[in-house]
Amino acid sequence: TSLSIDIVGFIYDDKAGHLWLGTAFWYTEMGGGLNYFDKASEEFTVYRHNAKEQSSLSNDMVLWISGTADKSSSDLWIATYGGGLNYFDADNGRFTHYQNDPADEKSLRADHLQTVYLDRTGVIWIGTKTRGVVKYAPSTHKFYHVKKRTGLREGLHHPVELSFCESCRGGLRIGTNDGGLNYR
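Predicted model only: the values in this text are computed from it and were never measured.

**Here's the deal with the sheet that holds strand β8 (residues 94-98)**
The four strands lie next to each other as β5-β6-β7-β8, forming an open sheet whose pairing is antiparallel. Looking at which strands have only one partner, the edges of the open sheet turn out to be β5 (62-67) and β8. Adjacent strand axes in the sheet meet at a mean angle of 25 degrees when their direction is disregarded. Pairing of strand β7 (residues 85-89) with β8, which is carried by five bridges, proceeds in the antiparallel orientation. Bridged to Phe88 within β8 is Phe95.

The following block contains the structure:
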């Protein structure tokens, strides 16, 4: 087998040295799912969305891939553009979806994700296309919405987040579209 499509937007080299490829860019509206490359056999395994299989990848536009805070695990976190956040259980090859539920204020705020960052404590920071930042704590299985700045120090300047960076002291820097740099 080969790479599902020739658009590789994200590469993750896991702790075992395996390559995981996110095959999409959000502005192309095309995605080829999650691609796993086995270096020994030089073969690809492709994980794609299948509407008939609830435990498949939620969307083929994979923009970000990361391991978990548990360094002994081979499981992955996967962000998609249109399908929210996915947790991949490497032992059984199944995906758990974390998506927006308009009836639940405590769900993921949006399914169109642009950037994601796993901090040193295991918290996942999610930048959405137009709905700001969402913080997910896997240890409690809760989403927290970071509010837009309204004169408070903790708010954000703009609802479109493009990048995250953690300082050596654990502070988070958030780069926004037309809102500059935010500190937390």
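**Regarding the confidence of the model for the protein**
On average, residues of the protein carry a pLDDT of 83, and 83% of them reach 70 or more. Summarising per-element confidence for the protein, the mean pLDDT is lowest in strand β15 (residues 181-183) (57) and highest in β8 (97).

**Looking at the sheet that holds strand β9 (residues 113-118)**
Taken in spatial order, the four strands make up an open sheet running β9-β10-β11-β12, and their pairing is antiparallel. The sheet is open, and its two edges are formed by β9 and β12 (142-146), each paired on a single side. With strand direction ignored, the average angle separating the axes of adjacent strands in the sheet is 20 degrees. Bridging between β9 and strand β10 (residues 124-128) involves five bridges; their strand directions are antiparallel. Across the sheet, residue Tyr117 finds its bridge partner in β10, namely Trp125.

About the thresholds
Residues numbered from 1 in each chain as written. Predicted model: local features only at pLDDT ≥ 70, side-chain atom pairs only at ≥ 80, totals over all residues. Heavy atoms only, no water. Pairing = 2+ DSSP bridges. Helix = DSSP H or I, 4+ residues; strand = E, 2+ residues; numbered from the N terminus. Axes fitted to C-alpha atoms, helices over the stretch in contact; angles between N-to-C directions. pLDDT = per-residue confidence, 0-100.

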